[in-house]
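If you want the building blocks of each chain, they are given just below.
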Amino acid sequence: MVDSGENARRYTADDLGLVYDRLATRFGSRFSTGQALRDQHASVLTWLPPQAPDGVVFPESEAEVAEIVRVCADHDVPVIPYGTGTGLEGHVNAPEGGISIDTSRMNAIVAVHAEDLDAVVQPGVTRKQLNDYLRDQGLFFPIDPGADASIGGMAATRASGTNAVRYGTMKDNVLSLRAVLANGEIIATASRAKKSSAGYDLTRLLVGSEGTLGVITEVTLRLHGIPEAISAGICPFATEKAACDAVIATIQSGLAVARIELLDALMVKAANAYSGLDLPETPMLFLEFHGSEAGVAEQAERFGEIAADCGGGPFSWATKPEERTKLWTARHNAYWSGAALRPGGRSVATDVCVPLSRLAECVAETRRDIDETGLIAPIVGHVGDGNFHVQPIIDVDDPREVRACEAFLERMVTRALAMGGTCTGEHGVGQGKRKYLKAEHGEAALAAMRAIKQALDPKGIMNPGKIFPD
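Predicted model only: the values in this text are computed from it and were never measured.

(A) The overall build of the protein chain, seen in detail. Within the protein chain, the secondary structure is distributed over 17 helices and 20 strands. Considering only C-alpha atoms, the protein chain reaches an extent of 70 × 60 × 45 Å along its principal axes. Within the protein chain, the proportion of its 470 residues that are buried is 57%. Carbon and sulfur atoms provide 51% of the accessible area of the protein chain, an area that totals close to 18800 Å².

Spelled out as structure tokens, the structure:
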């Protein structure tokens, strides 16, 4: 766990006082040092101890973000971008203090270019807000992490979700960005063109940078047409391995599945209780197919054959839109469903991602590890791209349980890396996964990342304490 002791400060009390004065004068009631608000802007969804910022400011424009960053830069005070606070690796914690820039009031949908299949939005727009706005135009934005996260936060953490197997992740669906750098300068990373070979790919440099290189102030997103037909269903299996084998066969066969999600028996039990489902409590795949009416029917029939070959089934359709919505709402509420399995416990939601061919092996070994360790830890995953999540729920006041969980998490990451995978498929690094970066990337690659950070943020004020190991 991250040390929850006093925040290390790189600036003096006088420096902070000057920042307070300047921000209070400029932003009035939109700047606060109240303890309750500061606490709300620390990491509150995980077992990582919360580390509150020194103050919170609510800009309403890109120009105001630039002003705030320049004020902080003048006095070496850190800047912590904040979207909705739904990150699971301590991204919004302030281990060195500083000012939290809450972008929730920057929530305008600037433009929708339906003919070009793109939209320009401010960072505080949430994925549900955007899709509600797009629905009447026959368009949608496919990236859907479990929470109703902000688009700026999703870009900053390179988010993913249930649709990634067909539509990709944020790195595939962000065309360009505008951002404020550590010196207060504003940059645009690209145009709205669907492709470019003009210079370095600054867009993808900032996508996934977790606020350590700049504050995202505008995002241009790739959109997609709402499919003619959407059908969903469920398919039970005897074991997680059998379900994963079916996933591997489905993807390798070229079947254009839009969503294919694994819930282990414990997560199905949790979803039944929390979301009012009535599913058999056995490992389960939730699926969705997009396309024409005939295409969707053909895809579903072919999947049913694959599932049967792997010992699964029967594949059951969710034929009504409300049934489909209920299924995916339950899937998106998996974090809260899992947490409810142990009232009073703390969730330690984590993820890894492995090459698809190693998925069944990795999930099976992880399940054995959970059982041998004795943890309450449901498994759920975007298994179509080899990404799965484990959610141990522990008593953080029990040192033995904390140690057991920490050791399990180490083994889980080590296992994924040994299989050619990554320590995080979509949660991001934040504070929680920093120690694994050297093992995953090697010293030379990590040094290259540090060099980029130093070049763009020489004072180290942009979301310090994230990504890089100490």
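Now that the structure has been shown, we can carry on.
(B) Quick look at the environment of E301. Tracing the backbone shows E301 in helix α11 (residues 293-309). Taking the C-alpha atoms as reference points, E301 and V413, 112 residues apart in sequence, are found 36 Å from one another.

(C) A look at empty space enclosed by the protein. On inspection of all chains with the given rule, the structure shows 1 cavity of 30 Å³ or more. For the largest cavity, the calculated volume is near 30 Å³. Residue lining of the largest cavity: G161, T162, A164, V165, R259, I260, E261, H382, G384 and D385, and that is the complete set. Counting residues per element, the ones that place at least two in the lining of the largest cavity are α6 (164-167) and β13 (257-263). Top element by residues in the lining of the largest cavity is β13. It accounts for 3 residues.

(D) Region of interest: the environment of M412. Following the sequence through the fold, M412 ends up in helix α15 (residues 399-418). Using a relative accessible area of 1% as the deciding quantity, one classes M412 as buried. Excluding anything up to four places from it in sequence, M412 contacts T350, D351, V352, F388 and V390.

(E) Here's a closer look at the sheet that holds strand β1 (residues 31-32). Spatial strand order, β1-β2-β4-β3: 4 strands in an open sheet with mixed pairing. A strand with exactly one partner marks an edge of an open sheet, and here the two such strands are β1 and β3 (79-82).

(F) Geometry of the packing of aromatic side chains. By the definition in use, this model includes 7 aromatic pairs. Ring geometry for F303 against F315: centres 5.4 Å apart, planes inclined by 75 degrees, an arrangement best described as edge-to-face. With a gap of 12 residues between them, F303 in helix α11 and F315 in the loop between α11 and β15 (316-318) connect regions that are remote in the sequence. Taken individually, F303 and F315 each receive the classification buried, so the pair is uniform in this respect. One aromatic cluster in this structure is built from F289, F303, F315 and W317. Between the NZ or CZ atom of R26 and the centre of the ring of F27, over which it lies, the distance is 4.8 Å. Here the guanidinium or amino end of R105 rests over the ring plane of F58, the centre of that ring lying 5.0 Å away.

(G) Looking closely at the packing of helix α1 (residues 13-27) against helix α3 (residues 62-74). Where α1 contacts α3, the two axes come as close as 10 Å, and the packing angle between them is 160 degrees. As the angle between them shows, α1 and α3 are arranged roughly antiparallel. In this structure, α1 crosses over α3, and the sense of that crossing is right-handed. Counting all contacts with α1, which are made through V19, R22, L23, R26 and F27, the residues of α3 involved are E64, E67, I68, V71, C72 and D74. Per-class residue counts for the contact of α1 with α3 are 6 nonpolar, no polar and 5 charged.

(H) Summary view of the packing of helix α9 (residues 240-252) against helix α14 (residues 359-373). As a packed pair, α9 and α14 sit with axes 8 Å apart at the nearest point and diverge in direction by 165 degrees. Classified by the interaxial angle, the pair formed by α9 and α14 is roughly antiparallel. Regarding α9 and α14, the two cross each other, and that crossing is right-handed. Only L359, A360, V363, A364 and R367 of α14 make contact with α9, whose side of the interface consists of E240, K241, C244, D245, V247 and I248. The residue makeup of the contact of α9 with α14, split by class, is 7 nonpolar, no polar and 4 charged.

The rules behind each value
Residues numbered from 1 in each chain as written. Predicted model: local features only at pLDDT ≥ 70, side-chain atom pairs only at ≥ 80, totals over all residues. Heavy atoms only, no water. Helix = DSSP H or I, 4+ residues; strand = E, 2+ residues; numbered from the N terminus. Buried < 20%, exposed > 50% of the residue type's maximum accessible area, 1.4 Å probe, protein only. Areas by Shrake-Rupley, 256 points an atom, 1.4 Å probe, with all protein chains shown as cover. 1 Å grid on protein atoms, 1.4 Å probe; cavity = no way out; pocket = protein on both sides within 12 Å on 5 of 7 lines; lining within 4 Å. Points joined across faces, edges and corners; volume = space filled by probe spheres on them. Contact = heavy atoms within 4.5 Å. Pairing = 2+ DSSP bridges. Phe/Tyr/Trp six-rings, centres within 6.5 Å; stacked < 30°, edge-to-face > 60°. Lys NZ or Arg CZ within 6 Å of the ring centre and 35° of its normal. Axes fitted to C-alpha atoms, helices over the stretch in contact; angles between N-to-C directions. Parallel < 35°, antiparallel > 145°, perpendicular 65-115°, else oblique. Left-handed = near helix turned anticlockwise from the far one by under 90°. Nonpolar A, V, L, I, M, F, W, Y, C, P; charged D, E, K, R; others polar.

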